[in-house]
Amino acid sequence: MESGILIVGISGGSGSGKTTLAQGIIAALGLDTCAVLAQDSYYIDQSARFDGDGGSVNFDHPSSLDFALLARHLHDLRSGRSVEVPIYDFATHSRRAQTSSLRPKPILIVDGTLLYSQAPIVAALNYRIFVDTPESDRYRRRLKRDVEERGRKPEGVERQFLTQVKPMHDEFIEPNKTRADFIVSGLAGVREALEQSLAKIRALR
Ligand SMILES: Nc1ncnc2c1ncn2[C@@H]1O[C@H](COP(=O)(O)OP(=O)(O)OP(=O)(O)O)[C@@H](O)[C@H]1O
Ligand SMILES: [Mg+2]
């Protein structure tokens, strides 16, 4: 490896369990060793175009994200430089003026649905994990989260899933599962998924 930093991708469909796994890895390895970079931080400001959930802005398409900035940040972190991670406000679909500083850590986890659809991001990752969870389970989990935690209406969540989340998954996420080094089942349980992934990461160091 060209630097001491290990950059690990965690991808998979929305609701598959990526963030749960990433947080478990952080909790196990500690904040001095490990940090998470979220694809969600790199949404392009869509406040001017937003016209409702499931409307004309497709948040599940790669063009909604600033992958060039993410790729630059991964390069900077690998070179030992801190980066200013954008802060995206989900309520207003805009980037805040403020940023969040992230300094390089021995292990960086990148969490995001569309990571493996982007060749420069794939190339920047030392190891790629894919959390594989069937569509029906992902939909059920997402519905629960969006209604309970994000104050969304079930009809809006369903419409967005059918018109945007599912077609983008089928086009950009599922076909790139082949780019993963390790596929972990998102149904096996949080503990199993964490233990298997930690074993892989520890073996790489
Ligand atoms: N291995 C697992 N087994 C069972 N339930 C899980 C597992 N992993 C996560 N969950 C549950 O599924 C839900 C979605 O998980 P999580 O938020 O981690 O998904 P995500 O992939 O990050 O989704 P998104 O891409 O939409 O951010 C949560 O309620 C979480 O507790
Ligand atoms: Mg998540």
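Residues numbered from 1 in each chain as written. Chains lettered and ligands numbered in written order. Predicted model: local features only at pLDDT ≥ 70, side-chain atom pairs only at ≥ 80, totals over all residues. Heavy atoms only, no water.

(A) Spatial organisation of the overall build of the chain. A tally of helices and strands in the chain yields 6 helices and 7 strands. Helices and strands in the chain line up, N terminus first, as β-α-β-α-β-β-β-α-β-α-α-β-α. In summary, the chain has a C-alpha radius of gyration of 17 Å against a globular reference of 17 Å for 205 residues, a match within 12%. Overall, the C-alpha framework of the chain stretches about 45 × 40 × 30 Å when taken along its three principal axes. A burial count over the chain gives 49% of its 205 residues as buried. (Helix = DSSP H or I, 4+ residues; strand = E, 2+ residues; numbered from the N terminus. Rg over C-alpha atoms; globule rule 2.2 N^0.38 Å. Buried < 20%, exposed > 50% of the residue type's maximum accessible area, 1.4 Å probe, protein only.)

(B) How the structure looks around the side chain of K177. Within the secondary structure, K177 is located in the loop between α5 (154–173) and β7 (182–185). Of the polar contacts made by the side chain of K177, one reaches the side chain of E174; its length is 2.9 Å. (Polar contact = N/O pair within 3.5 Å; in protein donor to acceptor, adjacent residues only side chain to side chain.)

(C) Structural view of the site of ligand 1. As a matter of local geometry, ligand 1 sits amid 14 residues, with S14, G15, K18, T19 and T20 nearest to it. With respect to ligand 1, the backbone of G15 contributes an N or O atom lying 2.8 Å from an oxygen atom. Interatomic distance of 2.6 Å between a side-chain N/O atom of T20 and an oxygen atom of ligand 1. Its free accessible area being 640 Å², ligand 1 has 72% of it covered by the protein chains. (Near = heavy atom within 4 Å. Areas by Shrake-Rupley, 256 points an atom, 1.4 Å probe, with all protein chains shown as cover.)

(D) Layout of the layout of surface pockets. Size it by volume and the largest pocket reaches roughly 1200 Å³. Broken down by secondary-structure element, the contributors of at least two residues to the lining of the largest pocket are α1 (18–29), β2 (34–38), α4 (135–150), α5 and α6 (190–204). No other element matches the 8 residues that α4 contributes to the lining of the largest pocket. For the lining of the largest pocket, the residue count by class is 17 nonpolar, 18 polar and 14 charged. (1 Å grid on protein atoms, 1.4 Å probe; cavity = no way out; pocket = protein on both sides within 12 Å on 5 of 7 lines; lining within 4 Å. Points joined across faces, edges and corners; volume = space filled by probe spheres on them. Nonpolar A, V, L, I, M, F, W, Y, C, P; charged D, E, K, R; others polar.)

(E) View of the environment of S14. With respect to the element layout, S14 can be found in the loop between β1 (6–12) and α1. On a C-alpha basis, the gap between S14 and R140 in space is 11 Å, while along the polypeptide they are 126 residues apart. At 2.8 Å, the side chain of S14 and the side chain of R142 are in polar contact.

(F) Region of the structure containing the packing of aromatic side chains. Applying the stated criterion across every chain, the model contains 6 aromatic pairs. Where Y43 meets Y88, the ring centres are 5.0 Å apart and the plane angle is 45 degrees; that geometry is what we call tilted. Here Y88 lies in strand β3 (residues 83–89) and Y43 lies in the loop between β2 and α2 (67–78), a separation of 45 residues in the sequence. Considered together, Y43 and Y88 belong to a single accessibility category, that of buried residues. Summarising the aromatic geometry, the rings of Y88 and F90 are spaced 5.1 Å apart at their centres and angled 85 degrees between planes, so their arrangement reads as edge-to-face. For Y88, a relative accessible area of 8% puts it in the buried group. Relative accessible area serves as the criterion here: at 40%, F90 is assigned to the partly exposed category. By way of ring pairs, the aromatic residues Y43, F50, F59, Y88 and F90 are connected into one cluster. A cation over a ring is seen here: R150 above F90, with NZ or CZ 5.2 Å from the ring centre. (Phe/Tyr/Trp six-rings, centres within 6.5 Å; stacked < 30°, edge-to-face > 60°. Lys NZ or Arg CZ within 6 Å of the ring centre and 35° of its normal.)

(G) Examining the nonpolar core more closely. Formed by 33 residues in total, the largest nonpolar core has its most connected members in L37, L70, L74, L102, V110 and I121. Secondary structure elements with two or more residues in this core: β2, α2, β3, β5 (107–111), α3 (119–124) and α5. In terms of residues, this core owes the most to one element, α2, which gives 6 residues. Not counting the four nearest positions on each side in its chain, I121 is found in contact with F67, L70, A71, L74 and L115. (Core = buried A, V, L, I, M, F, W, Y, C linked by side-chain atoms within 4.5 Å. Contact = heavy atoms within 4.5 Å.)

Honestly, it's all geometry; don't read function into it.
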